[in-house]
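Examining the three-dimensional arrangement
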Amino acid sequence: MALPAAFYERDTVTVAKNLLGCLLVHCEETGTTAGRIVEVEAYLRGDPAAHSYRGETKRNSAMFGPAGHAYVYRIYGLHTCVNVVTETEGAGEAVLVRALEPVVGLDLMQARRGTDDPLSLASGPGKLAQALGITMDLNGTSLRDGPLQVRSPANPPELRPEDIVQTTRVGITKAADLPLRFYLKGNRYVSRR
DNA sequence: TGGTTGATTTGCT
DNA sequence: GCAAATCAACCAC
């Protein structure tokens, strides 16, 4: 089921850790695809690596919108990345979803990604967006009642603190030393170890 | 208004 | 290991 607004209206690191194990679901006419979130990164206020660092712009405006909505952006002209907006409206904080373990609609994901290897379907921010068919028109939409949703699994497995690895973020040049990346320990679908 | 830049992926050396 | 692909947004002039 969809998560309550209060889930997102907490400090971003807490939300990031609690998103691990949740499902990211995309429902559309073509079919439904979904995956379990196994890797995330937090982007905070005052964080030089965050898109919100220099204030609100046309591109990052969704990051300053209400918590529980999506911030979707395009990178390198060809890849799309998905964020979960957190904290309070105007904070400019979000969690980047970096990897999924494919759960629903594997055939559709394989067709979109052009590969059969389950380990390559969604093990990266650009890959998972492509696998789920996420496009820029989902930018700013609600993750609680829109076509793209975050849901709690039917039987949430118990997640202990020692099951989560905390380390530095991937692919950034600024604030590269901050330990704001989180992933499920030992999970084979994370983007890199 | 023009030059620069990525929260990436892929394929080739 | 490294470079290309590819473009909208951003920022300095």
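Here is a short report on the structure shown in this document. This structure is a prediction, so every number in the text was calculated from the model and none was measured.

**Here we look at the overall build of chain A**
Along its length, chain A carries five helices and eight strands. Of the regular secondary structure in chain A, the N- to C-terminal order runs α-α-β-β-β-β-β-α-α-α-β-β-β. For 193 residues, the compact-globule estimate of 2.2 N^0.38 gives 16 Å, and the C-alpha radius of gyration of chain A, at 15 Å, lies within 12% of that figure. Counting all 193 residues of chain A, 48% fall into the buried class. For chain A, long-range pairs separated by at least 24 residues make up 60% of all intrachain contacts whose partners lie at least 6 apart in sequence. Of the accessible surface of chain A, which amounts to about 9,100 Å², a share of 50% is contributed by carbon and sulfur atoms.

**Observations regarding the protein's contact with DNA strand B**
Around DNA strand B, a shell composed of 20 residues is seen, among which H51, Y73, H79, N83 and R113 lie nearest. Counting only the atoms of DNA strand B that lie within 4 Å of the protein, the sugar and phosphate share comes to 47%. Within the side chain of R98, one N or O atom sits 3.3 Å away from a phosphate oxygen of DNA strand B. Between a phosphate oxygen of DNA strand B and a side-chain N or O atom of R113, the distance comes to 2.8 Å. Of the residues forming the surface near DNA strand B, the biggest block, three residues, is contributed by helix 5 (residues 125–132). A breakdown of the residues in the surface near DNA strand B according to their chemical character gives 10 nonpolar, seven polar and three charged.

**Some thoughts on the protein's contact with DNA strand C**
Surrounding DNA strand C, one finds R54, T57, K58, R59, Y76, G77 and L78. With respect to DNA strand C, the backbone of K58 contributes an N or O atom lying 3.5 Å from a phosphate oxygen. A distance of 2.4 Å separates a base oxygen of DNA strand C from a polar backbone atom of Y76. Classifying every residue of the surface near DNA strand C gives two nonpolar, two polar and three charged.

**A word on the side chain of E39**
By secondary structure assignment, the location of E39 is in strand 2 (residues 31–43). Given the relative accessible area of 0%, E39 is considered buried. Here the side chain of E39 touches R98 through a polar contact of 2.8 Å, side chain to side chain. Discounting residues that sit within four places of it in the chain, E39 has contacts with L20, L96, V97, R98, A99, R181, F182, Y183, V190, S191 and R192.

**Some remarks on the packing of helix 3 (residues 106–113) against helix 5**
Contact geometry for helix 3 and helix 5: axes closest at 7 Å, N-to-C directions at 115 degrees. In this structure, the crossing between helix 3 and helix 5 has a hand that is right-handed. Here helix 3 contributes M109, R112 and R113 to the contact with helix 5, which in turn contributes K127, Q130, A131 and L132. Partitioned by chemical class, the residues of the contact of helix 3 with helix 5 number three nonpolar, one polar and three charged.

Cut-offs applied
Residues numbered from 1 in each chain as written. Chains lettered and ligands numbered in written order. Predicted model: local features only at pLDDT ≥ 70, side-chain atom pairs only at ≥ 80, totals over all residues. Heavy atoms only, no water. Helix = DSSP H or I, 4+ residues; strand = E, 2+ residues; numbered from the N terminus. Rg over C-alpha atoms; globule rule 2.2 N^0.38 Å. Buried < 20%, exposed > 50% of the residue type's maximum accessible area, 1.4 Å probe, protein only. Contact = heavy atoms within 4.5 Å. Areas by Shrake-Rupley, 256 points an atom, 1.4 Å probe, with all protein chains shown as cover. Near = heavy atom within 4 Å. Polar contact = N/O pair within 3.5 Å; in protein donor to acceptor, adjacent residues only side chain to side chain. Nonpolar A, V, L, I, M, F, W, Y, C, P; charged D, E, K, R; others polar. Axes fitted to C-alpha atoms, helices over the stretch in contact; angles between N-to-C directions. Left-handed = near helix turned anticlockwise from the far one by under 90°.

Remember, this is a structural readout, not a statement about activity or role.
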